[in-house]
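Reading the structure
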Amino acid sequence: MENILFINSCIRNDDVSRTYLLCKAFIEKYKSTHSDVTVTEIKLSALDLRSYLENDIEERDKALFIGDSENGIFSLSKQFASADKILIGAPLWDFSFPSVLKVYIEHICVNGITFHYTEQGPEGLSAFSKLFYITTAGGYIGSHNCGVDYIKTISEFLGCGNFESLSIEGLDIIGNDAEAIMQDGIRKAEELAERF
Ligand SMILES: Cc1cc2nc3c(=O)[nH]c(=O)nc-3n(C[C@H](O)[C@H](O)[C@H](O)COP(=O)(O)O)c2cc1C
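A few points on the structure. Here the structure is a predicted model, which is why all the values come from computation and not from measurement.

1. Overview of the state of the cysteines
Throughout the structure, instances matching the rule amount to 0 disulfides. C10 carries a free sulfur, and the closest cysteine sulfur to it, the one in C23, is 5.4 Å from it. Cysteine C109 shares no disulfide, and the gap to the nearest cysteine sulfur, in C160, comes to 15 Å. C109 gets classed as buried once you look at its relative accessible area, which sits at 16%.

As structure tokens, this is what we get:
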């Protein structure tokens, strides 16, 4: 059984979010072309995640120090570390992505669970063989795709799986045919899903 983790970082409702629509097309195509797959979706905006403050870091460090790996503070990190493949969907917000995704990343970057330090430097411990990032943008992203660049960096930090991404752009530009751009985006997402 292959275990796919879908990190839904879309803020708008699933029925209106264009990023979610692409993720859904990607997952449905993947499921129809691969057998024995379980997809676990986590909708970050529904998790009520808080960014870490000093006392949270202290609590986490203490739990790590005493080897309390069953502590709930590690649940997201353990879930990320054990996924076979990972899909992250997030709209482009202010040149990157909604802050809830950054907060989630704070929760999963745990020394000893998703990565550790060796004499040669940090080494990813997460099992994923592939991590795919889908984003949509109102305008054209140009050479500063900070969301993709950052998630790629995190992917390489936490594991050694292959990173790929899909950015569908220009959806809010007056005069653009957003419907046609989305149809093309869905086709691309489905193509990429087949070889994910
Ligand atoms: C808070 C906010 C910030 C945004 N920032 C950008 C941006 O920096 N660049 C851009 O091209 N579009 C930006 N957009 C437009 C969204 O990227 C675009 O509408 C996207 O398709 C929304 O995805 P969704 O339908 O999944 O919510 C922003 C939208 C919002 C609401």
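2. Considerations on helix α2 (residues 54–65)
For α2, with 12 residues, the first-to-last C-alpha span of 16 Å sits near the 16 Å given by 1.5 Å per residue. Among all positions in α2, only D56, R60 and A63 are buried. Relative to the axis of α2, the buried residues are bounded by an arc of 65 degrees and lie together on one face. Across from the buried face of α2, at angles greater than 90 degrees, the exposed residues are E54, K62 and F65. For α2, the elements touching its buried residues are α4 (99–108). Positive backbone phi, at 70 degrees, marks G67, one or two positions downstream of α2.

3. Focus: the environment of I11
Mapping I11 onto the fold places it in the loop between β1 (2–8) and α1 (18–33). A relative accessible area of 34% means that I11 is categorised as partly exposed. Sequence separation between I11 and V110 is 99 residues; the distance between their C-alpha atoms is 25 Å. Here I11 is in contact with K43, S45, W93, P98 and V100, once residues within four sequence places are set aside.

Conventions and cut-offs
- Residues numbered from 1 in each chain as written.
- Predicted model: local features only at pLDDT ≥ 70, side-chain atom pairs only at ≥ 80, totals over all residues.
- Heavy atoms only, no water.
- Disulfide = S-S within 2.5 Å.
- Buried < 20%, exposed > 50% of the residue type's maximum accessible area, 1.4 Å probe, protein only.
- Helix = DSSP H or I, 4+ residues; strand = E, 2+ residues; numbered from the N terminus.
- Expected span 1.5 Å × (residues − 1).
- Arc of directions from axis to C-beta.
- Contact = heavy atoms within 4.5 Å.

Everything listed here is a matter of geometry and, on its own, says nothing about what the molecule does.
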